[in-house]
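Descriptive structure summary
This is what each chain is made of:
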Amino acid sequence: MRVFAALAAMIALTAPGEAQDPIFETQQADFIVETVADGLEYPWSIAVMPDGNMLVSERPGRLRLIEDGALREADITGLPDILAIRQGGLLGLAVHPDFETNRLLYFAYSAGRGDRNHTALARGRLNADATALEAVETLFRVNVDKDRGMHFGGRVIFLADGTLLLTLGEGGLYRQEAQNLGNHLGTIIRLNEDGSVPFDNAFVSLSGALPEIHSYGHRNVQGIALNPQTGSVWAHEHGPRGGDEINLINPGRNYGWPLVTYGMNYDGTPISDATHGEGLEQPVWYWDPSIAPSGLAFYTGDAFENWQGDAFVGGLVSERLVRLEIEGDRIIATESLLDDFGARIRDVANGADGYLYLLTDDRDGALLRLTPVIP
């Protein structure tokens, strides 16, 4: 009976001879899922431009344009050499706050070669017809070359003061380095828009610490966003087997990996016998078992009135979208959406039209739009 009810909730009444999209019924809103563009190869990040058009990164190393609601066939040229390896490739995108006047796009990517690779951040100017990036320059590179293609981080956001944050993974095989302020592995870094180091960074005056570091003790952060209610920075990171976390990111703080964790090794052996430690930040939420979170957005549109201020997290291995009901900087309720949709969700973003957009993580991935159903 439960299975039948779940399926029935997804089926809309259809007029004879007329096909309709299934309706998803949820606690706060009913919606349909529309495909805006398909044929995207492992799409990773959405950047919404002021005119409502969107840029989408494909992990193998292509930048695509969604123009007037349709995918332009030709990709945007001008990207640097990008290493597409396992979890690496072209990653997070962010448009400059003054994009309307300067047309600057910032993007994270993996570079190097298979046995010596790192995360980098670059920017370029999107030309007038959005066919090419010009004057591309690399602003930052992780100072450690790592083996294998794991845990690159790669999300980028701008803060209200005009600085930006870039999330970085600890490389998978290098977990202890997340506690070492002498390298960038397992950190979130803060830069000025030109790649220079802000004078007020947390560790700028600490001997032996890299001045770019904003926070450390992270495993692999693949979602970061500003809470519109409070202005605080929220980020989530992959745990190992269990222990995916959502954290409030504050400068200079240590988020504990791998000294404390709510997860274990994939073979079931312990990583640490502690979940708490002095001087180590606690998550505001964690998942066990893991959902493999990717993408994070606070809904700020007007199409879904009851979702305003809620946070949305994509799930990869869990193949779902998670809605987090937020009060200030607390999570007071959660809801799992799209459980039966059968797609890995890589990114979540607010559209200029007030709808919520998702990317599916697949060789034949898609840009999807959630559209409300008005009773």
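Please refer to the structure placed before this passage.
A brief structural summary. (Residues numbered from 1 in each chain as written. Predicted model: local features only at pLDDT ≥ 70, side-chain atom pairs only at ≥ 80, totals over all residues. Heavy atoms only, no water.)

A short note on the overall build of the protein chain
Test applied: Elements are defined by DSSP. Helices are runs of H or I of four residues or more, strands are runs of E of two residues or more, and each kind is numbered from the N terminus. Atoms considered for the radius of gyration are the C-alpha atoms alone. The globule rule reads 2.2 Å times the number of residues to the power 0.38. For every residue, the accessible area (1.4 Å probe, protein chains only) is compared with the maximum for its type, and the residue is labelled buried under 20%, exposed over 50%, or partly exposed between those bounds. Contacts are residue-level and defined by heavy atoms, with any inter-residue pair within 4.5 Å sufficient. Residue-level accessible areas treat just the shown protein chains as cover; the underlying method is Shrake-Rupley with a 1.4 Å probe. All tallies of charge rest on Lys and Arg as positive and Asp and Glu as negative; His and the ends of each chain are not included. Charge placement uses NZ in Lys and CZ in Arg. For Asp and Glu, CG and CD serve respectively.
When you go through the protein chain residue by residue, the secondary structure sums to 2 helices and 25 strands. Relative to the compact-globule value of 21 Å for 375 residues, the protein chain shows a C-alpha radius of gyration of 20 Å, a close match. Referenced to the eigenvectors of the C-alpha coordinate spread, the extents of the protein chain come out at roughly 70 × 50 × 40 Å. A buried classification covers 54% of the 375 residues belonging to the protein chain. Within the protein chain, residue pairs in contact and separated by at least 24 positions form 56% of the contacts whose partners lie at least 6 positions apart. Summed over all atoms, the accessible surface of the protein chain reaches about 16000 Å², with 47% contributed by carbon and sulfur. A gap of 7 Å separates the mean positions of the 27 positive and 52 negative side-chain charges of the protein chain.

What to know about empty space enclosed by the protein
Applicable threshold: In this analysis a 1.4 Å probe is tested at points of a 1 Å grid over the protein atoms alone, and where it fits but cannot get out there is a cavity; an open set with protein on both sides within 12 Å along at least five of seven lines is a pocket; lining residues have an atom within 4 Å of a point. Grid points are joined across faces, edges and corners, and a volume is the space filled by probe spheres set on the points. For this classification, the nonpolar set comprises Ala, Val, Leu, Ile, Met, Phe, Trp, Tyr, Cys and Pro, the charged set comprises Asp, Glu, Lys and Arg, and every other residue, Gly included, is treated as polar.
On inspection of all chains with the given rule, the structure shows 1 cavity of 30 Å³ or more. Taken as a whole, the largest cavity spans an internal volume of roughly 50 Å³. A breakdown of the residues in the lining of the largest cavity according to their chemical character gives 4 nonpolar, 5 polar and 3 charged.

A word on the layout of surface pockets
By volume, the largest pocket amounts to about 840 Å³. Around the largest pocket, the lining comprises 30 residues; the ones closest to its centre are I46, L93, V156, I157 and A349. Elements with a minimum of two residues in the lining of the largest pocket: β3 (43–48), β7 (90–95), β11 (156–158), β15 (221–226), β19 (293–298) and β23 (345–350). By volume, the second largest pocket is sized at about 520 Å³. Together, 27 residues line the second largest pocket, and Q87, H151, H238, Y266 and A292 are the ones closest to its centre. Along the lines of polarity and charge, the residues of the lining of the second largest pocket split into 9 nonpolar, 9 polar and 9 charged.

Observations regarding the environment of E170
Considering the arrangement of structural elements, one finds E170 in the loop between β12 (164–167) and β13 (187–191). E170 gets classed as buried once you look at its relative accessible area, which sits at 0%. In the structure, E170 is positioned 200 residues away from L370 in sequence and 34 Å away in space, judged by C-alpha atoms. Residues contacting E170, with those up to four places away along its chain left out, are H151, R175, A178, L185, G186, H218, R219 and W257.

With respect to the pairing of strand β17 (residues 244–249)
Applied cut-off: Being paired, for any two strands, means DSSP has found at least two bridges between them.
Of all 6 residues that make up β17, 5 are buried, and the element is covered over most of its length. Looking at chain direction, strand β16 (residues 233–237) and β17 are connected through 5 bridges and run antiparallel. Considered in β17, the bridge of W234 is made with L248. Hairpin connection from β16 to β17: 6 residues lie between these consecutive antiparallel strands, with G242 at a positive phi of about 90 degrees. Across 3 bridges, the pairing between β17 and strand β18 (residues 285–287) is antiparallel. Opposite D244, over in β18, you have W287 as the bridge partner.

Concerning the sheet that holds strand β6 (residues 70–71)
Read across the open sheet, the 4 strands follow the order β3-β4-β5-β6; overall the sheet is antiparallel. Each end of this open sheet is capped by a strand with a single partner; those strands are β3 and β6. Here strand β5 (residues 62–67) pairs with β6 via 2 bridges, running antiparallel. For I66, the partnering residue across the bridge sits in β6 and is L71.

A closer look at a negative patch on the surface
Put simply, the rule reads: Within the patch definition used here, like charges are joined within 9 Å and nonpolar side chains (Val, Leu, Ile, Met, Phe, Trp, Tyr) within 5 Å, considering only residues with over 30% relative accessible area and no salt bridge. Basic side-chain nitrogens of Lys or Arg form a salt bridge, by our definition, when they fall within 4 Å of a carboxyl oxygen of Asp or Glu.
On the surface, D51, D68, D98, E100, E193 and D194 cluster together into a patch of negative charge. Checked against the element boundaries, D68 lands in the loop between β5 and β6.

Observations concerning the sheet that holds strand β21 (residues 320–327)
We apply this condition: To get an axis, a line is fitted to the C-alpha atoms, and for a helix only the part in contact is used. The angle between two axes follows their N-to-C directions and goes from 0 to 180 degrees.
Strand order in this open sheet of 4 strands is β19-β20-β21-β22, and the pairing throughout is antiparallel. For this open sheet the edge positions go to β19 and β22 (330–337), each flanked by a neighbour on one side alone. The mean inter-strand angle of the sheet, taken between neighbouring strand axes irrespective of direction, is 20 degrees. Two strands pair when backbone bridges link them, and strand β20 (residues 311–315) and β21 are joined in this way by 5 bridges, in the antiparallel orientation. For A311, the partnering residue across the bridge sits in β21 and is L324.

Examining the pairing of β16
Taking burial as the measure, the 5 residues of β16 include 5 buried ones, the bulk of the element. Sheet analysis places β15 next to β16, joined by 5 bridges and oriented antiparallel. By the bridge assignment, V221 is partnered in β16 with E237. The hairpin formed by β15 and β16 contains 6 residues between the paired strands, and G231 there has a positive phi angle of roughly 80 degrees.

Concerning the nonpolar core
Just so we agree on the cut-off: Definition used in this section: a nonpolar core is a set of buried Ala, Val, Leu, Ile, Met, Phe, Trp, Tyr and Cys residues joined via side-chain atoms within 4.5 Å.
Core analysis: the biggest nonpolar cluster contains 21 residues, and L121, F140, V156, L164 and L166 have the highest contact counts within it. Elements with a minimum of two residues in this core: β7, β8 (104–113), β10 (133–141), β11, β12 and β13. If you tally residues by element for this core, the top one is β8, at 3 residues. In this structure, L121 is in contact with F107, A108, Y109, E137, T138, L139, F140, V156, L164, L166 and L191, ignoring residues within four places of it in sequence. One finds L90, F99, F107 and A122 within the second-largest nonpolar core, a separate group that totals 20 residues.

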